[in-house]
Amino acid sequence: AALAAGRAPEEIEVVAVTKTRTPQEVEAALRCGLRLVGENRVQEAAAKKDQVHLEARWHLIGHLQTNKAARAVDLFDLVESVDNLRLGAELDRRAAQAGRALEILIQVNTSGAPQQGGVAPEQLPELAAQLAALPQLRLRGLMTIGALSPEEKVVRACFGRLRQLRDQLASQLPHADWGWLSMGMSGDFELAIAEGANLLRLGTALFGARQS
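Residues numbered from 1 in each chain as written. Predicted model: local features only at pLDDT ≥ 70, side-chain atom pairs only at ≥ 80, totals over all residues. Heavy atoms only, no water.

**Student:** Explain unusual backbone geometry here, please?
**Tutor:** Although it is not a glycine, threonine 20 sits at a positive phi angle of roughly 70°. Mapping threonine 20 onto the fold places it in the loop between β1 (13-17) and α1 (23-31). For threonine 20, a relative accessible area of 38% translates into the label partly exposed. (Helix = DSSP H or I, 4+ residues; strand = E, 2+ residues; numbered from the N terminus. Buried < 20%, exposed > 50% of the residue type's maximum accessible area, 1.4 Å probe, protein only.)

**Student:** Just checking my understanding: could you explain α1 for this structure?
**Tutor:** Spacing of three or four residues puts side chains on the same side of an α-helix, whose turn is 3.6 residues. Among all positions in α1, only Pro23, Val26, Glu27, Ala29 and Leu30 are buried. Buried positions in α1, seen along its axis, are confined to an arc of 155° and lie on one side of it. Projecting away from the buried face of α1 at angles above 90 degrees are the exposed residues Gln24 and Arg31. Contacts made by the buried residues of α1 are with β2 (36-39), α2 (42-49) and α8 (204-207). (Arc of directions from axis to C-beta. Contact = heavy atoms within 4.5 Å.)

**Student:** What is the right way to look at the pairing of strand β6 (residues 137-143) in this model?
**Tutor:** Each regular strand shows side chains that alternate between the opposite faces of the sheet. Of all the seven residues making up β6, five are buried; the element is thus mostly covered by neighbouring parts of the structure. For the segment spanning strand β5 (residues 102-107), helix α5 (residues 124-132) and β6, crossover handedness is right-handed. (Right-handed = clockwise from strand over helix to strand, strands pointing away.)

**Student:** Could you clarify how one ought to interpret the packing of α5 against helix α6 (residues 152-172) in this entry?
**Tutor:** The relative placement of two packed helices is expressed as an angle between their axes plus a distance between the axes. Packing of α5 against α6 leaves a shortest axis separation of 11 Å and a crossing angle of 50°. Taken as axis vectors, α5 and α6 run oblique relative to one another. The handedness of the crossing between α5 and α6 is right-handed. Here α5 contributes Leu124, Pro125 and Ala128 to the contact with α6, which in turn contributes Leu165, Leu169 and Gln172. For the contact of α5 with α6, the per-class residue count stands at five nonpolar, one polar and no charged. (Axes fitted to C-alpha atoms, helices over the stretch in contact; angles between N-to-C directions. Parallel < 35°, antiparallel > 145°, perpendicular 65-115°, else oblique. Left-handed = near helix turned anticlockwise from the far one by under 90°. Nonpolar A, V, L, I, M, F, W, Y, C, P; charged D, E, K, R; others polar.)

Right under this line is the structure:
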């Protein structure tokens, strides 16, 4: 997909989405050369991480409730799903208590679907400026979920919109790091790569269908 888009494959990282997967499956993925692990829920990551003995960076990719911010700071290297100032401020406070900096992405709702998380695109510049000012947070880019649509052009438009928003922010807030575009999952990652994704969240494509 990268070569078809005229891009270098080594520019793109894969987050192995390990929701419902066992620690042994996580370690199997890491032995294959993956280095990023994505979990949707704080509780599941807490139960699993201590049983994974290979080195990895852990990403929280699901919705995070503010009251779980302290645990998230303990568990994760990067939180991809920050979409409001209240959550960001609590993560900043908890990171300060832990004596560390926390990397984050801002989740943007590019599809407009009410069931999807993320800040509205028109509210993104204000939120980005507020989050960039928090001393313990390190902005690393943006994240989105493509529209749940059978039409490729609709899905691709979500990814193109995120890239445009990132480019605008890079000029407005040049002191922040806007390097990561986390977009694309097992069903649509080729479209995301064509629009500039460099962080893919893949579960089913790696592990097969999720067990119920």
